[in-house]
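Working through the structure, step by step
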Amino acid sequence: FLLRFDAVASRPKKIEVFLRQRNAPYRDLVPRAALLVDTARRRFEVAFTATDDEAAALLAFSVREDGQSVWLDNVRLQEAEVRPADPDAHTR
């Protein structure tokens, strides 16, 4: 899966994004991706590889409560075929 979104924060702030089970036991389905959202609006892209089939999954954003604000916009999650880049093709 490929997650794309725009984000901006009132102060630099770490957020985590991940897929997890919708119902108990609420197990994470992918490793959490830690991102730093800054005071300038920025586009983020995160690729997830599903490890299990899950009929009731959800996308989660984990943000620490510290009185700072984070704004998310243009959130899209779609299936994607992601291939790792070949370093030999991009290195001279």
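An account of the accompanying structure is given in this report. (Residues numbered from 1 in each chain as written. Predicted model: local features only at pLDDT ≥ 70, side-chain atom pairs only at ≥ 80, totals over all residues. Heavy atoms only, no water.)

**Considering the nonpolar core**
Ranked by internal contacts, the top residues of the largest apolar core, which has 17 residues, are F5, V17, L35, V46 and F48. Secondary-structure elements contributing two or more residues to this core are β1 (2-9), β2 (13-21), β3 (33-37) and β4 (42-47). If we ignore the near neighbours within four places in the chain, the residues touching V17 are L3, F5, P31, R32, A33, L35, V46, F48, A60 and F61. (Core = buried A, V, L, I, M, F, W, Y, C linked by side-chain atoms within 4.5 Å. Buried < 20%, exposed > 50% of the residue type's maximum accessible area, 1.4 Å probe, protein only. Helix = DSSP H or I, 4+ residues; strand = E, 2+ residues; numbered from the N terminus. Contact = heavy atoms within 4.5 Å.)

**Details of the sheet that holds strand β5 (residues 57-63)**
Ordered in space as β3-β2-β5, the three strands form an open sheet in which the pairing is antiparallel. Sheet topology places β3 and β5 at the edges, where each strand pairs with a single neighbour. Sheet twist, expressed as the average angle between the axes of neighbouring strands with direction ignored, equals 25°. As judged from the seven bridges shared by β2 and β5, these two strands associate in the antiparallel manner. (Pairing = 2+ DSSP bridges. Axes fitted to C-alpha atoms, helices over the stretch in contact; angles between N-to-C directions.)

**A short note on the packing of aromatic side chains**
Going through the model one piece at a time under the given rule, you end up with two aromatic pairs. Measuring from ring centre to ring centre gives 5.3 Å for F5 and F44, while their planes differ by 20°; the resulting arrangement is stacked. Within this pair, whereas F5 is found in strand β1, its partner F44 is found in strand β4, the two being separated by 39 residues in sequence. F44 matches F5 in its accessibility class, with the two residues each being buried. (Phe/Tyr/Trp six-rings, centres within 6.5 Å; stacked < 30°, edge-to-face > 60°.)

**A word on the sheet that holds β4**
Two orientations exist for strands paired in a sheet by backbone hydrogen bonds: parallel and antiparallel. Ordered by their spatial adjacency, three strands build an open sheet running β4-β1-β6, and the pairing between neighbours is antiparallel. Each edge of the sheet is formed by a strand with only one pairing partner; in this case those strands are β4 and β6 (70-78). The mean angle between the axes of side-by-side strands here comes to 20°, regardless of whether they run parallel or antiparallel. Here six bridges tie β1 to β4, and the two strands are oriented antiparallel to one another.

Interpretation in functional terms is not warranted from these geometric data alone.
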